Amino acid sequence: RLNTSQFPEGFLWGGATAANQLEGAYNEGGKGLNLADVLPGGKVRMNIIKETGFNFEIDKELYTYPNHDGIDHYHRYKEDIALFAEMGFKTYRMSIAWSRIFPNGDETEPNEEGLAFYDRVFDELHKYGIEPVVTISHYEMPLSLIKKYGGWRSREVIPMFVKYAETLFKRYKGKVNYWMTFNEINSAVFHPIMSLGFSPDNEESKLQETFQGLHHQFVASSLATKACHEIIPSSQIGCMILYAPVYSGDCNPNNILNALKEEQVFNYICGDVHVRGEYPAFTKRFFKENDIKLDIREGDLDIIKEHTVDYIALSYYMSRTEVKDEGDGDYTAGNFFTGMRNPFLKASDWGWEIDPVGLRISLNQLYDRYQVPLFVVENGLGAYDTIEEDGSINDDYRIDYLREHIRAIGEAIEDGVEVMGYTAWGCIDLVSASTGEMSKRYGFIYVDKHDDGSGTLERKKKKSFYWYQNVIATNGNQL
Ligand code: BG6
């Protein structure tokens, strides 16, 4: 069947993480508090993410905060990177915690200790020939910007983000060539808290507030793209989108139209602005019908038009099935959104539906629309792992999941889609973004750390570690 040798030479195989989910050391090295530091662990986190009126305070009497210590990568990065190298990683996608560099977000000078930490990380990666891919902002806005300015609600944070990005480009020029601006920028459409750093005033004003915040991020992202191209001419910078194809639950044309509209708003507005440099035509009607009146200042649209991205990075975990006739029953869980249960798909322990074909569909849809290289920077299975008596961790379920998704990428490449690379999410176990749990594990590397905070932090190789090592060694020929 599939000729997996279609994975091109130089395909960027690797893994992905985010600072707030693995570093720990939340108050070390001069770091300021950030958004992730105030989100508690456990399933309660998801309710907070959905809430309007969250107060952004730490409450240790009520909650636990597993990401305050994470998996202590801040102190153990050398050991972790050595394991990535052993798997043969060509690349490693990671994020920089903005509040390690500008603890409050609005200082005039960056925090040297924070900059030096990432210097050490990049040097360690290069020691093994691993190419870093850096997310500038991954759900970890400095808390003080949230409290003082209301996060991305305010235009005033645009220059602060641009200054932060420029600081990174100047410092890491020569060490980092691949960048992306905002992680899953479109996730805000469902839940603004994580990426925009504010909780909307109420349900009625949510869309207005969200799209205004997104507009500020679009301008900031374009200005960062401009700076990146100027400061590091050899660099490539992308946007990052949470992609989920939307299926209609039946062939009623009205439901198909609805699925199309969902897809336009969720999947395409952010991509169109970043790649085509303009708001798509359908936004005119969408904004009008939802009473969204954007404050777009003079020059904003020119900036967006002139500084478009080089590639699209996407996360892919699942598809979404929609039927808009009420009373359509069974809904399933998902990261940031729910959908109707799709009878053709199985789901993970967390209810996320598993749909490798959806990844092939996504890559085709994105490439048909944009014709720019695509980079799958997140994909993986959150699952409970068990350690056997002999110490082994036989995560065949994870291998099956990854195999089918990588196969789907191979098929998309054969379809003619240009894919730059694949970085499996949570290549080492880390704290979940949506539930703040440790027990939702994605890694090839097990970390002895548990939801209640206990554990030795010892790292262990799972069966999938050796499997992925071979996938990389054979450039995807042996899955
Ligand atoms: C993506 C995020 O939404 O999904 C990651 O970019 C996150 O930060 C990943 O960890 C998996 O989600 P979760 O909730 O299982 O950690």
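A quick note: this is a predicted structure, and the numbers were derived from the prediction, not measured.

Calculation rules
- Residue numbering note: each chain is counted from 1, following its sequence as written.
- In view of the model being predicted, local features appear only for residues whose pLDDT reaches at least 70, and side-chain atom pairs are presented and counted only at 80 or more, with totals across whole chains, interfaces and linings using the full set of residues.
- Numbering of helices and strands runs from the N terminus, with a helix taken as a DSSP run of H or I at least four residues long and a strand as a DSSP run of E at least two residues long.
- C-alpha atoms define the radius of gyration in this analysis, and the globule rule sets the expected value at 2.2 Å times the number of residues to the power 0.38.
- Buried, partly exposed and exposed are defined by the number of other C-beta atoms within 10 Å of a residue's own C-beta, namely 20 or more, between the two limits, and 12 or fewer respectively, with C-beta atoms placed from the backbone.
- By the convention adopted here, residues are in contact when the distance between their C-beta atoms, placed from the backbone, does not exceed 7 Å.
- In this scheme, strands are said to pair when DSSP sees at least two bridges between them.
- UniProt positions are given in the numbering used here, feature names are shortened, and annotations may be inferred rather than shown by experiment.
- For this quantity, the arc is that covered by the directions from the helix axis to the C-beta atoms.
- A fitted line through C-alpha atoms represents every axis, and for helices the fit uses only the stretch in contact; the resulting angles, taken between N-to-C directions, go from 0 to 180 degrees.
- When an angle is under 35 degrees it counts as roughly parallel; over 145 it counts as roughly antiparallel; between 65 and 115 it counts as roughly perpendicular; any other value is oblique.
- Crossing handedness is defined as follows: a turn of the near helix away from the far one that is anticlockwise and smaller than a right angle gives a left-handed crossing, while the clockwise case is right-handed.
- Side-chain classes follow a simple rule in which Ala, Val, Leu, Ile, Met, Phe, Trp, Tyr, Cys and Pro form the nonpolar group, Asp, Glu, Lys and Arg form the charged group, and the remainder, Gly included, forms the polar group.

Side note on the overall build of the protein chain
So, point 1. Across its full length, the protein chain carries 15 helices and 16 strands.
So, point 2. Taking 2.2 N^0.38 as the reference for a compact globule, 479 residues should give roughly 23 Å; the C-alpha atoms of the protein chain span a radius of gyration of 21 Å, in line with that estimate.
So, point 3. Principal-axis analysis of the C-alpha atoms gives the protein chain an extent of 60 × 55 × 50 Å.
So, point 4. Across the 479 residues of the protein chain, 51% fall into the buried class.
So, point 5. Contacts in the protein chain between residues far apart in sequence, at least 24 positions, make up 75% of those at least 6 positions apart.

Here we look at the pairing of strand β3 (residues 131-137)
So, point 1. For β3, the tally of buried residues reaches seven of seven residues, placing the bulk of the element in the interior.
So, point 2. When strand β2 (residues 91-95) meets β3, the two strands line up parallel, connected through five bridges. Directly across from R93, in β3, lies its bridge partner V133.
So, point 3. Two strands pair when backbone bridges link them, and β3 and strand β4 (residues 178-182) are joined in this way by four bridges, in the parallel orientation. The residue bridging T135 from the neighbouring strand is M180, located in β4.

Describing the UniProt feature "active site" (unreviewed entry) in the protein chain
So, point 1. With numbering matched to this structure, UniProt assigns "active site" (unreviewed entry) to E378.
So, point 2. Tracing the sequence through the fold places E378 in strand β13 (residues 374-378).
So, point 3. Overall, E378 belongs to the buried group, with 27 C-beta atoms counted inside 10 Å.
So, point 4. Leave out the neighbours within four places in its chain, and E378 touches A16, S315 and W425.

Description of helix α15 (residues 463-473)
So, point 1. Every buried residue of α15 is accounted for by S464, F465, Y468 and V471. For α15, the arc enclosing every buried residue in end-on projection is 125°, short of the 170-degree limit, so these residues lie on one face.
So, point 2. Positive phi appears at N475, one or two residues downstream of α15, with a value of about 50°.

A look at the packing of helix α13 (residues 356-370) against helix α14 (residues 396-414)
So, point 1. Look at α13 against α14: their axes get within 8 Å of each other, and the N-to-C directions meet at 30°. Judged on the interaxial angle alone, α14 and α13 are roughly parallel. When the axes of α13 and α14 are compared, the crossing they make is right-handed. Between α13 and α14, the residues in contact are P356, V357, L359, R360, L363 and N364 and E404, H405, R407, A408, I409, E411 and A412, respectively.
So, point 2. Partitioned by chemical class, the residues of the contact of α13 with α14 number seven nonpolar, two polar and four charged.

Considering the sheet that holds strand β7 (residues 311-315)
So, point 1. Taken together, eight strands build a closed barrel; the order of strands is β1-β2-β3-β4-β5-β7-β13-β14 and the barrel is parallel. For this sheet, the mean angle separating the axes of adjacent strands, direction not counted, is 25°.
So, point 2. In the packing of α13 onto the sheet, the strands contacted are β7, β13 and β14 (419-425), and the crossing angle to β7 comes to about 155°.

Side note on the environment of I472
So, point 1. Along the chain, I472 falls in helix α15.
So, point 2. Taking the C-alpha atoms as reference points, I472 and G410, separated by 62 residues in sequence, lie 13 Å from one another.
So, point 3. Discounting residues that sit within four places of it in the chain, I472 has contacts with W13, M87 and G88.

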